[in-house]
Amino acid sequence: MNGHHGEMNQRMKNKKPFWQGVVVGTLHCGSVCTLGDFASEFFLLLFPLRYLEINFMETGLLISLSHLLSVCFSKYYAIKPVKNLFPRKTIIAALKPDALSLTFSQIGMYAWMAIIVFLVFHRRLEISNPVYWFMMQIAILIGFITAYLVNWWLLRKGIKEAS
C-alpha cells in the first residue's frame, strides 16, 4: 500500500499545471518556427526572391519551411516508429497538431514585422541590419503569445497532447 501511495504522490509531483503544459508546447512550436524563419532568411540572403516590399513568395517560403521542419524534426520521426503508418499518413498525423499553432505563430510575427516595415520605418529592413534582428526577436515573442492562445485551445479540445 505504501509503495502505491508513494508512486501516486510521485506522479502528482511530476504533473505540471495546465498552463505550464501549454507553455512547453508553445515553446516547442516556437523553436521550430524560429529555426524555419532563420533558415529561410539566410537562404533568401544568398538567393534573393524579393519583388515587392514584403514578398509573398518569401513569406510562403518562410511558412513552408517552418511547417516542414515541424513535421520532419519534431513529429514525423517520433510518430513513425510508434504508429507504424504509411509515410503520407504519418505526415498528416505529424502536421495536424501543430499546423494551427505554427500558423498563428507566423501571423503574430508577420503582423509585428508589417507594423515595423509600414508604420515605423516606412521601408524594408535588410537582413544584414542589426535592427532587423532585434525586431525579429520582438516578433518571435509576439508569435509566442499568439501561438500560446491557440495551443491553450488545442489542448483544451484534445486536438493536441500536452508536452
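Residues numbered from 1 in each chain as written. Predicted model: local features only at pLDDT ≥ 70, side-chain atom pairs only at ≥ 80, totals over all residues. Heavy atoms only, no water.

It is worth spelling out the environment of W153 at this point. Tracing the sequence through the fold places W153 in helix α5 (residues 130-157). For the pair W153 and V22, spaced 131 residues apart in sequence, the C-alpha separation works out to 9.3 Å. (Helix = DSSP H or I, 4+ residues; strand = E, 2+ residues; numbered from the N terminus.)

A word on unusual backbone geometry. Only a minority of non-glycine residues have a phi that is not negative, and only a minority of peptide bonds are not trans. In this structure, H122 is a non-glycine residue whose phi angle is positive, near 60 degrees. Inspection of the secondary structure puts H122 in the loop between α4 (87-120) and α5. You can call H122 exposed: its relative accessible area is 62%. (Buried < 20%, exposed > 50% of the residue type's maximum accessible area, 1.4 Å probe, protein only.)

Right, let's talk about a nonpolar patch on the surface for a bit. A cluster of nonpolar residues, L100, F104, I107, W153 and I159, forms a patch on the protein surface that exposes about 430 Å² of accessible area. Note that L100 resides in helix α4. (Patch = residues over 30% accessible without salt bridge, like charges linked within 9 Å, V, L, I, M, F, W, Y side chains within 5 Å. Areas by Shrake-Rupley, 256 points an atom, 1.4 Å probe, with all protein chains shown as cover. Salt bridge = Lys/Arg side-chain N within 4 Å of Asp/Glu carboxyl O.)

The next thing to look at is the side chain of T26. Looking at the element boundaries, T26 is found in helix α2 (residues 18-46). Within the structure, T26 has its side chain in polar contact with the backbone oxygen of V22 (distance 2.7 Å). A distance of 3.0 Å separates a polar atom in the side chain of T26 from a polar atom in the side chain of N151. Setting aside residues up to four positions removed in sequence, T26 forms contacts with F144, A147, Y148 and N151. (Polar contact = N/O pair within 3.5 Å; in protein donor to acceptor, adjacent residues only side chain to side chain. Contact = heavy atoms within 4.5 Å.)

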